[in-house]
Number of protein chains: 2
Amino acid sequence: MPTPTDQAEFLRRLAAAVAPGAVKTGADIPSAALHDWSGEPGGTPLAHVTPRCTAQVSAVLALCHASGRPVVPQGGLTGLAGGAVPSTGAVLISLAAMAAVEEVDPASGLMLVQAGATLHKVQEAAAAAGMMFALDLGARGSCQIGGMIATNAGGNRVIRYGMARDLVLGLEVVLADGTVLPMLNRMPKNNAGLDLKPLFIGSEGTLGVITRAVLRLHPGVAGANAALVALPGFDAAVTLLRHAQRALSGRVSAFELMWADYYAAALTHGGARAPLPEGAPLYALIEMQGADPDADRPAFEAMLEAAFEQGWLADAVLAHSQREVADFWALRDAVAGLLAHYTPSVNFDVSVPLAQIGDCVAALRTALAAQFPGLPMVVFGHAGDSNIHLITGPITDHDPAGQAIEATVYGIIRDFGGSVSAEHGIGLHKKPWLGHSRSPAELALLAHLKASLDPRGILNPGKVL
Amino acid sequence: MPTPTDQAEFLRRLAAAVAPGAVKTGADIPSAALHDWSGEPGGTPLAHVTPRCTAQVSAVLALCHASGRPVVPQGGLTGLAGGAVPSTGAVLISLAAMAAVEEVDPASGLMLVQAGATLHKVQEAAAAAGMMFALDLGARGSCQIGGMIATNAGGNRVIRYGMARDLVLGLEVVLADGTVLPMLNRMPKNNAGLDLKPLFIGSEGTLGVITRAVLRLHPGVAGANAALVALPGFDAAVTLLRHAQRALSGRVSAFELMWADYYAAALTHGGARAPLPEGAPLYALIEMQGADPDADRPAFEAMLEAAFEQGWLADAVLAHSQREVADFWALRDAVAGLLAHYTPSVNFDVSVPLAQIGDCVAALRTALAAQFPGLPMVVFGHAGDSNIHLITGPITDHDPAGQAIEATVYGIIRDFGGSVSAEHGIGLHKKPWLGHSRSPAELALLAHLKASLDPRGILNPGKVL
């Protein structure tokens, strides 16, 4: 343990590494920095620092490395796995003051941004240049691009555009010892040696601090065609998805499944209205974004008609305006209302191979019903990406019953060869279950890389591994 | 140096690790294994081994690791950078006997294959299931999927589907010490800890040997709409590309640029016919694949008409059949004939940020014309992916003049912030230039990773770094 004198000296040097007033300690640490959206309990940090440039991030890390002082990088604090909650004695590094959009180059299809820029700001800057930054999720007003890359964020349109990993052309990262790693590549094709960026995308701040990024932009869209369909069962959903992807030449921009229990709860507790009657086992929201939704309509309608004739759909309703597209999405966005209703709840973000989602959901229902008769649960998700979400409650994951629910669900996910975290990451929350989805050889290599890149273990200690 | 007794003992143990007859030495080593398509000179290997399963690959690597014996993994030997040519005294590991397509799962959109399967075999297996493996390149009959992943292969349709990296869901890799690393993920979304696969994709056999892969499949296509257009200049090409991507909602599946010198040479020496007259500074082949090209035609034509009205096109010809689409591609595929004509030639595979390709090509022409007056050269490439190719000749890169051409070209690529290898990799051929495209901090981290994962340096020694 450092002596009080050592600590005072450390804080003096920390203050000297950044701009005046950029270090807060004790009660001056912003209370918002003490937790994230996960609700995971954190420790008491030593200090909160807000660097203004990469050189300051580097100086802070070099100092912490030399002192063996833990560091927790913080973005918009919207993570759901606890990856950004404070460790005891840590220096919290906020990227909030590095929020500039430095350059937008629509001709090259890219933009250069600082890590602290919010998703909303990035999306607006792309749109102002006639392009689109395709990653989108509910926390867009708060989440920061650096945090999204560090957690390899997903969201609603992964099926079309991929996850954060797929939208990053270049990165600037500061390593544990303060070394700045400039990898600000601007080319979709670059095979000049191994790509090092993936070491940091999804590493949840354990291998480096992301300071800048070159983001890939897509052509802008004007709106979408969308339909809500009722399905006779899961196999029909897969058939419909593959049919739609083929018929629309890969333009499907969302394929969201809602099981009957979710659909009913969204109407009852989520405040959504019902474009289709209840009673089907499964509903899907299928969407195709485009530059000219009216011109795209005939192809979208023909796709649905062919599916109807084949008997893959029990019922369907087409959105006739962008307003109706938004109404369909309100069903899916009813999650917020549902979470409030079920509070406290035990929630899951998991993935299994797409073709097995139906069997997996059935197995989950059977096991949970046997173990916890009458447990309320709803199932929905980005099924086109193999990703399902499950909400159970009211119950908390601090209760033995909540922990038993987790053990049951993650055990079944493991048996299906799935992932205990599809898009939220591991952080603190899912550490106990990481071994369900990664082999011992992989865990050993992860630990080896961590020790190799951060030999003093200062970067986000206790997270992920 | 091992004694002759040591070496005999090593070979005895090597033979015991695999099936009878699977080890060749001396004059029995297949002559095809002594070089690849790069023409880079190799050393004299000790042995050639053909394992039949992952366990045998693991046993071979464990033995070589214990003995400090160099290993060169070999796929289809179609690489253009010398990544698979033998090192002196090395054990060549051929993956040719591990060529099975183990599973095709069209519902989940994936297939599981062994590393030695040729691209052609993989494409055929996907097509038989109504799906498409979207990576395509000329060497499809010979190149193997393991080698394509190890070199992060690109090809003609990267603009739509990405490089090998983007088409791999899961990998099985054997590390230098024989540890099998099972990462056979089947989900598009999986954030259960850092993704380790990217350590091996594009590592050119220096960090592990790929033995199996889970590949991502796309919906099948029935054909394409395509046009050959004459452009007033490079800026018009960028404008056309962005217009087409927006108007076609991202369905552009190829955007190949051909400068006037390439177009003329393709007609004169490449055996192609001329759909448009010569005389324009730049030509583009623009293609949109789809499940129903006839149904897609109106959108494609409307896109071209709008471009014409805006003055972005000087001339255009639309393919009216799949035969005519193939004719347009013959212009682009005339590269083989051109290479024969210019033999020996010094060729380049480079990338620069898309918006700067025009200026970069102009700078290359000016510099080469000043230094080597009258030097024949042609320029073309996958410009939609930022990738250009340059052929100069007749001259060889073993001549001082050839080396001076390389120094000039790669120097300009460096000044434009580009990559000295867009899609071919580094291997032996581009090692001298790697520092033009990677920072000292990146090179240091690459070396650190290499030492960390392959402490005895047995994996493909002398390649890349």
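Keep in mind that what you see is a predicted model, and the values were worked out from it rather than measured.

**Re the relation of the copies chain B and chain A**
Aligned on chain A, chain B shows an RMSD of 0.0 Å; the corresponding rotation is 180 degrees and the shift along the axis is 0.0 Å. In symmetry terms, the pair is related by a two-fold rotation axis. Within chain B, the C-alpha atom positioned nearest to the axis of rotation is that of P198 of chain B, 3.1 Å from it. Both copies contact each other with a shared surface, as 100% of the interface residues of chain B are interface residues in chain A too.

**Comments concerning the pairing of strand β10 (residues 209-216) of chain B**
All names here are of chain B. Here β10 lies mainly inside the structure; 7 of its 8 residues are buried. Direction of pairing for strand β6 (residues 110-114) relative to β10: antiparallel, over a ladder of 5 bridges. Residue pairing for β10: Q114 is matched across the bridge by R212. Judged from the 6 bridges that link them, strand β8 (residues 168-174) and β10 form a sheet pairing that is antiparallel. Bridging across to β10, L171 finds its partner in A213.

**What about the domain arrangement of chain A?**
Interfaces are often described in size by the accessible area the parts lose on coming together. Residues and elements named next belong to chain A. In terms of domain boundaries, chain A breaks down into domain 1 (101-218), domain 2 (223-331) and domain 3 (343-424). The C-alpha centroid of domain 2 is placed 30 Å from the C-alpha centroid of domain 1. The interface of domain 1 with domain 2 comprises 6 residues on the first partner and 12 residues on the second. Our count for the contact surface shared by domain 1 and domain 2 stands at 1 salt bridge. Notably, a salt bridge pairs R157 with E287, separated by 2.9 Å at the nearest N-O pair.

**Overview of the UniProt feature "domain: FAD-binding PCMH-type" (unreviewed entry) in chain A**
According to UniProt, the positions carrying the feature "domain: FAD-binding PCMH-type" (unreviewed entry) are residues 41-220 of chain A. Segment residues 41-220 of chain A splits into 19% helix and 24% strand. End C-alpha atoms: 41 Å apart.

**A closer look at the packing of helix α7 (residues 260-268) of chain B against helix α9 (residues 322-333) of chain B**
Residue and element names in this part refer to chain B. Two numbers describe how α7 lies on α9: the axes approach to 9 Å, and their chain directions differ by 105 degrees. In terms of orientation, α7 and α9 fall into the roughly perpendicular class. When α7 is examined against α9, the residues Y262, Y263, A266 and L267 are found in contact with a partner set consisting of L331, R332 and D333. Residue classes in the contact of α7 with α9 are distributed as 5 nonpolar, no polar and 2 charged.

**Considerations on the environment of T366 of chain A**
All names here are of chain A. Assignment of secondary structure puts T366 in helix α11 (residues 357-371). The class for T366 is exposed, based on a relative accessible area of 57%. C-alpha of T366 to C-alpha of A330: the two residues are 36 residues apart in sequence and 29 Å apart in space.

**Some thoughts on unusual backbone geometry**
Cis rather than trans, the peptide bond between T343 of chain A and P344 of chain A has omega equal to -10 degrees. Position of P344 of chain A relative to the elements: it lies in the loop between α10 (335-342) and β16 (346-351). Omega for the peptide link from G393 of chain B to P394 of chain B comes to 0 degrees, which places this bond in the cis form. By the secondary structure assignment, P394 of chain B is in the loop between β18 (387-392) and α12 (400-415). The backbone of S386 of chain A sits at a positive phi, close to 80 degrees, despite the residue not being glycine. By the element assignment, S386 of chain A lies in the loop between β17 (377-381) and β18 (387-392). A positive phi angle, close to 70 degrees, is found at V464 of chain A, a residue other than glycine. Along the chain, V464 of chain A turns up in the segment after α13 (440-453).

**Concerning α9 of chain B**
Residues and elements named next belong to chain B. Relative to the 16 Å expected for 12 residues at 1.5 Å per residue, α9 spans 16 Å between its end C-alpha atoms, a close match to the ideal helical length. Among all positions in α9, only V325, F328, W329, L331 and R332 are buried. Viewed along the axis of α9, the buried residues span an arc of 140 degrees, placing them on a single side of the element.

**Quick notes on the packing of aromatic side chains**
All names here are of chain B. A full pass over the atoms with the stated rule returns 8 aromatic pairs over all chains. Ring plane angle 35 degrees and centroid distance 4.5 Å describe the contact between Y262 and F380, whose orientation is recorded as tilted. Taken together, the residues span a long stretch of sequence, with Y262 in helix α7 and F380 in strand β17 (residues 377-381) at a distance of 118 residues. With respect to class, Y262 is no different from F380; both count as buried. Ring geometry for Y410 and W433: centres 5.2 Å apart, planes at 35 degrees, overall tilted. Remark: W433 occurs in the loop between α12 and α13 (440-453) and Y410 occurs in helix α12; sequence separation between them is 23 residues. On the basis of relative accessibility, which here comes to 0%, the residue Y410 falls in the buried class.

**Details of the packing of α11 of chain A against helix α12 (residues 400-415) of chain A**
All names here are of chain A. Across the interface, α11 lies against α12 with an axial gap of 10 Å and an inter-helix angle of 150 degrees. Accordingly, the angle class assigned to the pair α11 and α12 is roughly antiparallel. Handedness of the crossing formed by α11 with α12: right-handed. Within the contact between the two elements, α11 uses C360, A363, L364, A367, L368 and Q371 and α12 uses A404, I405, T408, V409, I412 and I413. Residue classes in the contact of α11 with α12 are distributed as 10 nonpolar, 2 polar and no charged.

**Thoughts on the interface of chain B and chain A**
With 84 residues of chain B in contact, the opposing surface of chain A contributes 85 residues. Summed over the three residues of chain B that lose the most area to chain A, namely K189, N191 and L194 of chain B, the buried surface amounts to 15% of that side. When residues of the side of chain B that touches chain A are traced back to their parent elements, those giving at least two are α5 (158-161), β9 (180-183), α6 (234-247), β14 (282-290) and α13 of chain B. At 8 residues, the largest contribution of residues to the side of chain B that touches chain A is made by α13 of chain B. Each residue belonging to the side of chain B that touches chain A can be placed in one class, and the counts come to 36 nonpolar, 32 polar and 16 charged.

**Considering the pattern of salt bridges**
If you walk through the whole model with that rule in mind, you get 36 salt bridges over all chains. Across the pair R186 of chain A and E103 of chain A runs a salt bridge whose closest N-O atoms are separated by 2.8 Å. Of this pair, R186 of chain A sits in the loop between β9 (180-183) and β10 (209-216) while E103 of chain A is found in strand β5 (residues 101-105), placing the two residues 83 residues apart along the sequence. Note that K189 of chain A is salt-bridged to D385 of chain B, the shortest N-O span being 3.8 Å. Of this pair, K189 of chain A sits in the loop between β9 and β10 while D385 of chain B sits in the loop between β17 and β18, on two different chains. A relative accessible area of 0% places K189 of chain A in the buried class.

What counts, and where the lines are drawn
Residues numbered from 1 in each chain as written. Chains lettered and ligands numbered in written order. Predicted model: local features only at pLDDT ≥ 70, side-chain atom pairs only at ≥ 80, totals over all residues. Heavy atoms only, no water. Least-squares fit on C-alpha atoms with pLDDT ≥ 70 in both. Contact = heavy atoms within 4.5 Å. Buried < 20%, exposed > 50% of the residue type's maximum accessible area, 1.4 Å probe, protein only. Helix = DSSP H or I, 4+ residues; strand = E, 2+ residues; numbered from the N terminus. Pairing = 2+ DSSP bridges. Domains from an automatic or database assignment. Salt bridge = Lys/Arg side-chain N within 4 Å of Asp/Glu carboxyl O. UniProt positions renumbered as here; feature names shortened; annotations may be inferred. Axes fitted to C-alpha atoms, helices over the stretch in contact; angles between N-to-C directions. Parallel < 35°, antiparallel > 145°, perpendicular 65-115°, else oblique. Nonpolar A, V, L, I, M, F, W, Y, C, P; charged D, E, K, R; others polar. Expected span 1.5 Å × (residues − 1). Arc of directions from axis to C-beta. Phe/Tyr/Trp six-rings, centres within 6.5 Å; stacked < 30°, edge-to-face > 60°. Left-handed = near helix turned anticlockwise from the far one by under 90°. Buried area = accessible area lost by both parts, 1.4 Å probe.

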